[in-house]
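Descriptive analysis of the structure
The primary structure of each chain is shown beneath.
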Amino acid sequence: MLILSRKPGESIVIDGHIRVKVMRLEGDVVKLGIEAPVTVPVHRQEVYEEIQRSNQQALTKQSSPLPKLAGAVKPSTAAKPPVSPAKKMNLSKP
Amino acid sequence: MKCAESIELETPAAPAGHPVRLPMGLLGFEQIKDYLLVANPGEEPFAWLRVEDNAALAFVVIDPFVVLPDYNPDIPPADVEFLGLKNANDALLLSIVTVHGTSQATVNLKGPVVINRHTHTAKQVIITNAAQYSVQHPLPVADNVA
């Protein structure tokens, strides 16, 4: 791992187009500012780990019983496949 | 307005299910890339994302808009490009369900599986507004299982 020392206000540049700037220190918290093209996803590592753990927990046998849903969730009618188009999804254009 | 009804993948349902390819796998299962989307009659609103070469392994999936009608995920531009989506109708969204015993089930709303309905290519996407949603959104499970 490359280790660099930076002071608040200083930055590093990754691959010529991603800039990570140390904004300020607040006790044991470092505030980072990240400038990256919209095509570069930036997430806290915990989000990846959380979803990984969730996937691992979710893996099941196809013969497993499915939960019965209470009235609050209206199951699609039998005529409707369980999947509807993502009508409210927002596609961010690159 | 017919947008809400055009539901199926373009290929007619084979009895075994729709093939879905995740070139990057699911997070934590990067090596497994080929799945079948299986919807069994009587199991609505659930479906199965089954590992293609291991029928015993599967994920329970659900349409997140059934769980949360106000669900409003932002799909990052890199993923839109990766999946070749031109508009929202090109995509199917599925959320992975975790069944915790018989009385509790949760849905992952932070990382839905987005499928291009035309190419059947899919990716587990971390939505841009993931902070607004839970990875363990509770499903209202009936108390008394008949």
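Residues numbered from 1 in each chain as written. Chains lettered and ligands numbered in written order. Predicted model: local features only at pLDDT ≥ 70, side-chain atom pairs only at ≥ 80, totals over all residues.

Overview of the overall build of chain B
Within chain B, the regular secondary structure consists of 2 helices and 10 strands. Mapped from its N terminus to its C terminus, chain B presents α and β elements in the order β-β-β-β-α-β-α-β-β-β-β-β. Counting over 146 residues, chain B shows a buried share of 46%. Within chain B, contacts between residues at least 6 apart in sequence are counted, and of these 53% link residues at least 24 apart. (Helix = DSSP H or I, 4+ residues; strand = E, 2+ residues; numbered from the N terminus. Buried ≥ 20, exposed ≤ 12 C-beta atoms within 10 Å, placed from the backbone. Contact = placed C-beta atoms within 7 Å.)

What about the sheet that holds strand β3 (residues 29-35) of chain A?
Residues and elements named next belong to chain A. In spatial order, the strands read β1-β2-β3; together these 3 strands make up an open sheet with antiparallel pairing. Unpaired on one side and paired on the other, β1 (11-14) and β3 mark the two borders of the sheet. Averaged over all neighbouring strand pairs, the angle between strand axes comes to 25°, with direction disregarded. Bridge count for β1 against strand β2 (residues 18-26) is 4 bridges, and the pairing is antiparallel. Across the sheet, the residue bridging to Ser11 is Lys21, located in β2. (Pairing = 2+ DSSP bridges. Axes fitted to C-alpha atoms, helices over the stretch in contact; angles between N-to-C directions.)

Some remarks on the environment of A:Lys68
Within the element layout of this structure, A:Lys68 appears in the loop between β4 (60-61) and β5 (90-91). Between the C-alpha atoms of A:Lys68 and A:Glu49, which are 19 residues apart in sequence, the distance is 29 Å.

Digging into the environment of B:Ala47
Position of B:Ala47 relative to the elements: it lies in strand β3 (residues 46-51). Residues B:Ala47 and B:Gln124, 77 residues apart in the sequence, show an inter-C-alpha distance of 16 Å.

Considering the confidence of the model for chain A
On average, residues of chain A score 80 in pLDDT, and 73% of them are at 70 or above. With pLDDT under 50 throughout, residues 75-85 of chain A is counted as low confidence; its partners more than four residues away or in other chains account for 35 contacts. (pLDDT = per-residue confidence, 0-100.)

Comments concerning the nonpolar core
All names here are of chain B. Grouped together as the largest cluster of nonpolar side chains are 50 residues, with contacts concentrated most on Leu49, Val60, Val61, Val97, Val113, Val114 and Ile115. Broken down by element, this core gets its largest block of residues, 7 residues, from strand β6 (residues 91-100). When near neighbours in sequence (up to four residues on either side) are disregarded, Leu49 contacts Val20, Tyr35, Leu37, Ala58, Phe59, Val61, Leu94 and Val113. (Core = buried A, V, L, I, M, F, W, Y, C linked by C-beta atoms within 7 Å.)

Considering helix α1 (residues 45-58) of chain A
Between its first and last C-alpha atoms α1(A) spans 20 Å; for 14 residues at 1.5 Å apiece the expected length is 20 Å, and the two agree. Among all positions of α1(A), only A:Glu50, A:Ile51, A:Ser54, A:Asn55 and A:Ala58 are buried. With its buried residues spanning 135° around the axis, α1(A) presents them on a single face. Pointing more than 90 degrees away from the buried face of α1(A) are the exposed residues A:Gln45, A:Glu46 and A:Glu49. Those residues of α1(A) that are buried lie in contact with β4 of chain A together with β4 (57-62) and β6 of chain B. (Expected span 1.5 Å × (residues − 1). Arc of directions from axis to C-beta.)

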